[in-house]
Every structure is written in C-alpha cells, then in structure tokens.
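Below are the chains, spelled out letter by letter.
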Amino acid sequence: QVQLVESGGGSVQAGGSLRLSCAASGYTYSSYCMGWFRQAPGKEREGVAAIDSDGSTTYADSVKGRFTISQDNAKNTLYLQMNSLKPEDTAMYYCAADVVLFPLEAYEYNYWGQGTQVTVSS
C-alpha cells in the first residue's frame, strides 16, 4: 500500500523559506515520478514541481528560480525547498506519486499524501 506523508509546512513572512518533506513507503520509490502540488481555497490543485525516476525535474513558471525539488532515494523522501516565498504561495501542499506522462498534471497521479499547510504573510 502506497503511503505518502508530508511535513514541514508552517507560517512564514514574505521573503522567507520553508522546506517540505514527503516520506514515501509501500512501493519501489525510485520507479515513480514524484510531484508537489498545491491548492489554495477556491482554486484548483496545481502542479508546482516534479522529479521523474531519471532525475529530470519540471517546475511551474510561478516557482522557477525560487523552489527546488529533490529526493533522497536512500531515505525514500521527497523534498521541496521554497525560498523567497510570496503571499500567493499560500496553499495546502501535497506530494503525489505515480508513473506519469505529464508530471505537473494532477489527474495523472493516483497516490497522494494528506497535505501540509503553507501560509505566507505580507
């Protein structure tokens, strides 16, 4: 059974940083694409960043240059380093895993964590 557990969310002022973690279990971690998504109240879930099984990364334009996705295969853990945070980054952040064609499309993923809240104040 695939399990994804996010942590590391919190409240921070604009310009600050946070690092999210996602601990994965129940499958061959290195064979899946892993993604970070976010959803703000009243908005659709959007792809933020993804890292494929070959290590290639994809970022949403809104976070390029500020966020960095990485993974530690030995620990089965996915990370999202978020720098220069903006109020518009406020959302629930989710990690997801699956074999996908389009890494930033939420419909591609069947396995999701419960989410961790990120709040950025101005």
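Residues numbered from 1 in each chain as written. Predicted model: local features only at pLDDT ≥ 70, side-chain atom pairs only at ≥ 80, totals over all residues. Heavy atoms only, no water.

To continue, consider the packing of aromatic side chains. Enumeration over the complete set of coordinates arrives at six aromatic pairs. Relative to Tyr 32, the ring of Tyr 27 has its centre 4.5 Å away and its plane inclined at 35°; by these criteria the two rings are tilted. Just as Tyr 27 is buried, Tyr 32 falls in that class too. Through a chain of ring-to-ring contacts, the aromatic side chains of Phe 37, Tyr 94, Tyr 109 and Trp 112 assemble into a single cluster. Seen from the ring of Tyr 94, Arg 45 lies directly overhead, with NZ or CZ sitting 3.8 Å from the centre. (Phe/Tyr/Trp six-rings, centres within 6.5 Å; stacked < 30°, edge-to-face > 60°. Buried < 20%, exposed > 50% of the residue type's maximum accessible area, 1.4 Å probe, protein only. Lys NZ or Arg CZ within 6 Å of the ring centre and 35° of its normal.)

A separate point is the side chain of Thr 77. Within the element layout of this structure, Thr 77 appears in strand 8 (residues 77-82). Thr 77 gets classed as buried once you look at its relative accessible area, which sits at 11%. Within polar-contact distance, the side chain of Thr 77 engages the backbone oxygen of Lys 75 at 2.9 Å. (Helix = DSSP H or I, 4+ residues; strand = E, 2+ residues; numbered from the N terminus. Polar contact = N/O pair within 3.5 Å; in protein donor to acceptor, adjacent residues only side chain to side chain.)

Let us now look at the side chain of Glu 6. Position of Glu 6 among the secondary structure elements: in strand 1 (residues 3-7). No salt bridge is formed by the buried Glu 6, whose closest oppositely charged neighbour, Arg 45, lies at an N-O distance of 7.5 Å. Engagement of the side chain of Glu 6 in a polar contact is seen with the backbone nitrogen of Cys 95, the distance being 2.9 Å. Within the local environment of Glu 6, its side chain forms a polar contact with the backbone nitrogen of Gln 114, the two atoms lying 3.0 Å apart. Apart from the residues within four sequence positions on either side, Glu 6 is in contact with Ser 21, Cys 22, Trp 36, Tyr 93, Tyr 94, Cys 95, Gly 113, Gln 114, Gly 115 and Thr 116. (Lys, Arg positive; Asp, Glu negative; His and termini not counted. Salt bridge = Lys/Arg side-chain N within 4 Å of Asp/Glu carboxyl O. Contact = heavy atoms within 4.5 Å.)

In short, shape yes, function no, at least from these values alone.
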